[in-house]
Every structure is written in C-alpha cells, then in structure tokens.
Amino acid sequence: WFAMKSSAESRKAAVTNSQIVVKSGAYGCFCCCWGETTKSVALQKITDVSVSQDCCARMFDVKVLSVQTASSSDAAPEFQLVGLIEPDETRKLVLKTRDNDGFQGMNFGGASKQMTVQRGGNNNLNNPLLSNVSDTMLSQTFAVNQQQAQTLHEIKDVLVDVRDVLKALNTTMSQSAAGGA
C-alpha cells in the first residue's frame, strides 16, 4: 500500500509553451529502491488528447486523460494521467496551447482561477517541475554539479595517464619478448 501511495503522490505534470512534461516515481526491486521517470512530449507532436472513464472509474469519479502522438496507438497512448483534477479543462488547455503555438495571446477565461499553468520562473531553467525549488537550492545544486564535473575530469586525467603507462609497459614487454626469443 505504501509503495502504491508513494507512486501516486509522486506524479506531476505541467503544460509549458512547447511541451507537456510528466514526472513519476515508483519503487522497484521489491520496494527497496526508488526510481523516477520524466517524459516530455512536444505539443506539436500531439495528435489527440482524450478523456475517458470506464464503469469502475465512474463509480469513484475518476477520469483518465490520454495523450496520443503519431507514434502511439489507441491501445498504448504516449502517456496517461489517471485521476487528474479537471481533466476536461486540461485537455482544452493542451489543445488550445498546441493550436495557438504557445500561450501567446491566449485568454484562459474562468479556468485561469482554478488551473495553474506553470511557465518556469524562479530562475529554474524553465523546467516546470522545478517551480517550487528556491534559487539558493538551485545554486547549491549547480555548485555540487560543478564539483562533481571537476572531480570526474581529474579522474579522467589519471586514467589517461594510467593508460599511457600501460601502453608503454606493453610496448617494452613486447620488445623484450621479441629480443629474447
């Protein structure tokens, strides 16, 4: 139960000017390690967005938003969002954004009060799933990434030196074996 609940709570989706981004997580390896997946679909590649509700889902008032692209099929859509709040409004937003080539000039009407459209902001490299991350946290993350990149560069340099020494040793051993035979 905990794994299913954690997986459901980890799901996030955002509509940007040019894409839909979906992030989800799940436990693997018999519930001992957490894995995450992020998928982006360009709005211009979307061929259809549908909202469905089978009889069991109707009993619990749950709807499924399915996103289709040219490479997906009815049996296997590009992705599905189950239990989305206001799936019909989200469907309209995605199609309207795709057809209007982004948010420019769009009037959201009454839906804007109830539906959040994340557009990046907060200096988060326009990743809609990082909208709640502070600038301090981002700068600390970038600093750690830079330190890791520097460390990896140093490791690479050491490995190149080791490779060169091994090549020289191999050449020396080959020459001495040829001379002794």
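Residues numbered from 1 in each chain as written. Predicted model: local features only at pLDDT ≥ 70, side-chain atom pairs only at ≥ 80, totals over all residues. Heavy atoms only, no water.

Draft legend 1. Quick peek at the pairing of strand β1 (residues 12-15). Two strands pair when backbone bridges link them, and β1 and strand β2 (residues 19-28) are joined in this way by 4 bridges, in the antiparallel orientation. Bridge pairing in β2 links V15 to I20. (Pairing = 2+ DSSP bridges. Helix = DSSP H or I, 4+ residues; strand = E, 2+ residues; numbered from the N terminus.)

Draft legend 2. Main features of the sheet that holds β1. The sheet built from 3 strands is open, its strands ordered β1-β2-β3 with antiparallel pairing. Every interior strand has two partners, whereas the edge strands, β1 and β3 (33-42), have only one. Across the sheet, the axes of successive neighbouring strands diverge by a mean angle of 10°, strand direction being ignored. (Axes fitted to C-alpha atoms, helices over the stretch in contact; angles between N-to-C directions.)

Draft legend 3. Local environment of the state of the cysteines. A complete count under the given rule lists 0 disulfides for this structure. We note that C55 lacks a disulfide partner, and the nearest cysteine sulfur, in C56, lies 4.3 Å from it. (Disulfide = S-S within 2.5 Å.)

Draft legend 4. Spotlight on the environment of S52. Position of S52 among the secondary structure elements: in strand β4 (residues 46-52). When its relative accessible area of 36% is taken as the criterion, S52 is described as partly exposed. In sequence terms S52 and L65 are 13 residues apart; their C-alpha atoms lie 6.6 Å from each other. Apart from residues lying up to four places away in sequence, S52 is in contact with K63 and V64. (Buried < 20%, exposed > 50% of the residue type's maximum accessible area, 1.4 Å probe, protein only. Contact = heavy atoms within 4.5 Å.)

Draft legend 5. Quick look at the side chain of R98. With respect to the helices and strands, the residue R98 is situated in helix α3 (residues 87-99). Taking relative accessible area as the criterion, R98 reaches 17% and is therefore assigned buried. Polar side-chain contacts of R98 include one of 2.9 Å to the backbone oxygen of I46. Discounting residues that sit within four places of it in the chain, R98 has contacts with L43, Q44, I46, T47 and D48. (Polar contact = N/O pair within 3.5 Å; in protein donor to acceptor, adjacent residues only side chain to side chain.)

Draft legend 6. Expanded view of the sheet that holds strand β6 (residues 79-82). Taken in spatial order, the 3 strands line up as β4-β5-β6 in an open sheet, and their pairing is antiparallel. Among the strands making up the open sheet, the edge pair consists of β4 and β6. Direction aside, neighbouring strands of the sheet carry axes that sit 15° apart on average. On top of the sheet, α3 reaches β4 and β5 (64-69); it is set at about 170° to β4, its chief contact.

Draft legend 7. Looking closely at the pattern of salt bridges. Enumeration according to the criterion identifies 6 salt bridges in this entry. In this structure, D88 and K63 form a salt bridge, with 3.2 Å as the shortest nitrogen-oxygen distance. Placement of D88 in helix α3 and of K63 in the loop between α2 (55-59) and β5 is noted, with a sequence separation of 25 residues between them. For K63, a relative accessible area of 25% puts it in the partly exposed group. (Salt bridge = Lys/Arg side-chain N within 4 Å of Asp/Glu carboxyl O.)

Draft legend 8. The confidence of the model for the chain, seen in detail. Looking at the chain, the pLDDT average stands at 75 and 71% of residues meet or exceed 70. Across the chain, the secondary-structure element scoring lowest on mean pLDDT is helix α4 (residues 111-114), at 33, and the one scoring highest is β4, at 91. (pLDDT = per-residue confidence, 0-100.)

Draft legend 9. Broad picture of unusual backbone geometry. The phi angle at D61 is positive, at roughly 55°, despite the residue not being glycine. Considering the arrangement of structural elements, one finds D61 in the loop between α2 and β5. Positive phi values are uncommon outside glycine, yet E86 reaches one of about 55°. For E86, the location among the structural elements is in the loop between β6 and α3. For E86, a relative accessible area of 25% gives the class partly exposed.

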